[in-house]
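# Close look at the chain arrangement
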Amino acid sequence: MREERNDARSAALRVLRQMDRAAAWADAGLDAELRRSGLAGQEAALAARLVYGVLQNRALLDHYLGAYCSQKIDHLQKPLADILRLGAYQIVFLDRVPDSAAVNTSVELCRDCGRGQASGLVNAVLRKVAANKDNLPPVPEKDAVSYLATRYSHPKWLVRRLLSLVGREEAECFLRADNAPAPITVQTNTILTAPEALRASLEAEGVQVTPGLLPGSFQLRGTGNLTKLAAFQAGHFQVQDDAAALVTEAMDLRGGEQVLDVCAAPGGKSFRCAMAMGDKGRIVACDLYENKLRRIEAGAKRLHLTAIETAALDGRSFRAEWENAFDLVLVDAPCSGLGIIRKKPEIRYKKADDLFALPVVQTAILENASRYVKPGGLLLYSTCTILPEENGQVTDEFLAGHPDFRRESFALPVGEVPEGQITLWPQRQGTDGFYICRMRKAT
């Protein structure tokens, strides 16, 4: 293998290979690679675009490549499949990259990886893709599942589930939204500044700012390295999708409450609770791992929030000293994450079998956490998925066994929630996919 290059395409290939070997998350792998390689600016942006672009379009790219390759793409020796996908993605989706550059750099990647003998195949296949880029083979529409799964690069099991939940038209809108660029949404830290002042500060640094769904939320473009912005360093905002922020809106916090966030990492909902409470009262933010607790503590420090304390906790293990101790308990349960595929495209490649055990874990955490709610207090259950098996079915089962709890109506900026539970969808509200359920404990 030749000396390792430090350019966008090489970095993107290393990230994809690491994800394949170690099931790493794309964002974490990309961050680590960019730090290691020292890439910044346009090169870093291109590396990110390539990684996410290939993950979002893998089945479609394989369909196009398969028309010009005598072997099945996923049967090729590693890392040839990813090299071909990177090249094809540039040709098909990136207008600013010359086709010749996409082909030639892909050939170079073969040689760099010690696969020089395959450079002829890569060169020939990508040249055919480039020659036919305006007339690529359409995805057959023999049936809705196969078509949508290939066209939008989602697993067939998930496509079938979406079709059964929302029908063909909405399912396709959901899949399309998963492959669209996810907005950077931030929430104003109203403890330190006002939304108008935050917007002025961001625009003064050249950031494009548009209002979000909630008062004080904004969608940003052109941030560059967001952590370098003066407003970020001053703690004037946190990055948080409006769907996650709506969880706090469902709590109707006033200030001075005792709040337990059972599965708090990375801390966004605890932070927003503190802001909604005027940083008065007590918020116990829990996680099983110390490194995640340190991350919560660092976030609270940057945001100048003092009402938050952390505690190491397995959400399924009971703490007797917390029984009936909290005005509000939030269970933002571990879940499949199928509502945030637009931000974590690799989630779509999870196996369905890996998800079947989640409702058991979710139910166990919810059962245990309910014991910490004071009489008359609130229990909030939320997930970042859209599957009823992890959402309404979990809370239905819980309520069936706990007659001292009942769902309670609430209001959100997106509308009234008379049934006490709501599923948010990207194609409907423009947010991440999320589930929120509000339950009141009897006095």
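For the structure, see preceding data.
First, a word on what this report is: a plain description of the structure on this page. From a predicted model like this one, the values you see are computed outputs, not experimental measurements.

Moving on: helix 9 (residues 156-179). With 24 residues, helix 9 ought to run about 34 Å at 1.5 Å a step, yet its terminal C-alpha atoms sit only 16 Å apart, falling short of that. Within helix 9, the full set of buried residues consists of Leu158, Val159, Leu162, Val166, Ala171, Glu172, Phe174, Leu175, Ala177, Asp178 and Asn179.

Counting residues in hydrophobic clusters, the biggest one holds 109 residues, and the most contacted among them are Ile308 and Ile436. Core analysis: the second largest hydrophobic core is formed by 26 residues, Val284, Ala333, Tyr381 and Met439 among them.

A complete count under the given rule lists 8 aromatic pairs for this structure. The interplanar angle of 70° and the centroid separation of 6.1 Å between the aromatic rings of Tyr381 and Tyr435 together place this pair among those described as edge-to-face. Here the residue Tyr381 occupies a position in strand 9 (residues 373-383), and Tyr435 occupies one in strand 14 (residues 434-441), the gap between them amounting to 54 residues. Overall, the relative accessible area of 0% leaves Tyr381 in the buried class. A relative accessible area of 2% places Tyr435 in the buried class. Among the aromatic residues, those joined into a cluster by ring pairs are Phe318, Trp322, Phe326 and Tyr372.

Let's shift gears to the layout of surface pockets. Taken as a whole, the second largest pocket spans an internal volume of roughly 1100 Å³. Surrounding the second largest pocket, 38 residues form its lining, Asp20, Arg58, Asp62, Arg85 and Tyr349 being those nearest its centre. Within the residue set of the lining of the second largest pocket, elements represented by two or more residues are helix 1 (8-22), helix 3 (41-56), helix 4 (58-66), helix 5 (80-93) and helix 8 (144-151). Its residues assigned to classes, the lining of the second largest pocket shows 17 nonpolar, 7 polar and 14 charged.

Sheet strands pair by backbone hydrogen bonding; their relative direction is either parallel or antiparallel. Across the sheet, which stays open at both edges, the 4 strands sit in the order 2-3-1-4 with antiparallel pairing between neighbours. The open sheet is flanked by strand 2 (208-211) and strand 4 (237-239), the only strands paired with a single partner. Mean inter-strand twist for the sheet, computed between neighbouring axes without regard to direction, equals 35°. Pairing of strand 1 (residues 184-188) with strand 4 involves 3 bridges; the strand directions are antiparallel. Bridge pairing in strand 4 links Gln187 to Gln238.

Looking now at the packing of helix 12 (residues 242-249) against helix 13 (residues 268-276). For the pair helix 12 and helix 13, the least separation of the axes is 9 Å and the interaxial angle reads 50°. Here helix 12 is positioned oblique relative to helix 13, judged by the angle of their axes. In this structure, helix 12 crosses over helix 13, and the sense of that crossing is right-handed. Together, Ala244, Ala245, Val247, Thr248 and Glu249 of helix 12 and Lys269, Arg272, Cys273 and Ala276 of helix 13 make up the contact between the two elements.

Cut-offs used in this document
For every chain, the first residue of its written sequence is number 1, and the numbers climb from 1 along that sequence. Only residues with pLDDT of at least 70 get local features here, since the model is predicted, and only at 80 or more are side-chain atom pairs given and counted; chain-wide, interface and lining totals rely on the full set of residues. To obtain the side-chain values, all non-hydrogen atoms of the structure were used and water was disregarded. A run of DSSP states H or I qualifies as a helix once it reaches four residues; a run of E qualifies as a strand once it reaches two. Both are numbered from the N-terminal end. Helices are assigned an expected span. That span is 1.5 Å times one less than the residue count. The rule is simple: take the accessible area with a 1.4 Å probe, protein chains only, and divide by the maximum for that residue type; under 20% is buried, over 50% is exposed, in between is partly exposed. To define a nonpolar core, start from buried Ala, Val, Leu, Ile, Met, Phe, Trp, Tyr and Cys residues and group those joined through side-chain atoms within 4.5 Å. Only rings of Phe, Tyr and Trp enter the pairing, Trp through its six-membered ring, and a pair is recorded when the two centres are within 6.5 Å. The plane angle decides the type: under 30 degrees is stacked, over 60 is edge-to-face, the rest tilted. Lining residues are defined by having an atom within 4 Å of a point belonging to a cavity or pocket. Those points lie on a 1 Å grid over the protein atoms alone, cavities being sets where a 1.4 Å probe fits but cannot get out and pockets being open sets with protein on both sides within 12 Å along at least five of seven lines. Grid points are joined across faces, edges and corners, and a volume is the space filled by probe spheres set on the points. Residues were grouped as follows: Ala, Val, Leu, Ile, Met, Phe, Trp, Tyr, Cys and Pro as nonpolar; Asp, Glu, Lys and Arg as charged; and all remaining residues, including Gly, as polar. Here a strand pair is declared whenever DSSP counts at least two bridges between the two strands. Geometry is summarised by axes, namely lines fitted to C-alpha atoms with helices restricted to the contacting stretch, and by angles between N-to-C directions that run from 0 to 180 degrees. Any angle from 65 to 115 degrees is called roughly perpendicular, while one under 35 is roughly parallel, one over 145 is roughly antiparallel, and all others are oblique. Crossings are sorted by hand: turned counterclockwise from the far helix by less than a right angle, the near helix makes the crossing left-handed, and turned clockwise it makes it right-handed. Any two residues whose heavy atoms approach within 4.5 Å at even a single point are treated as in contact.

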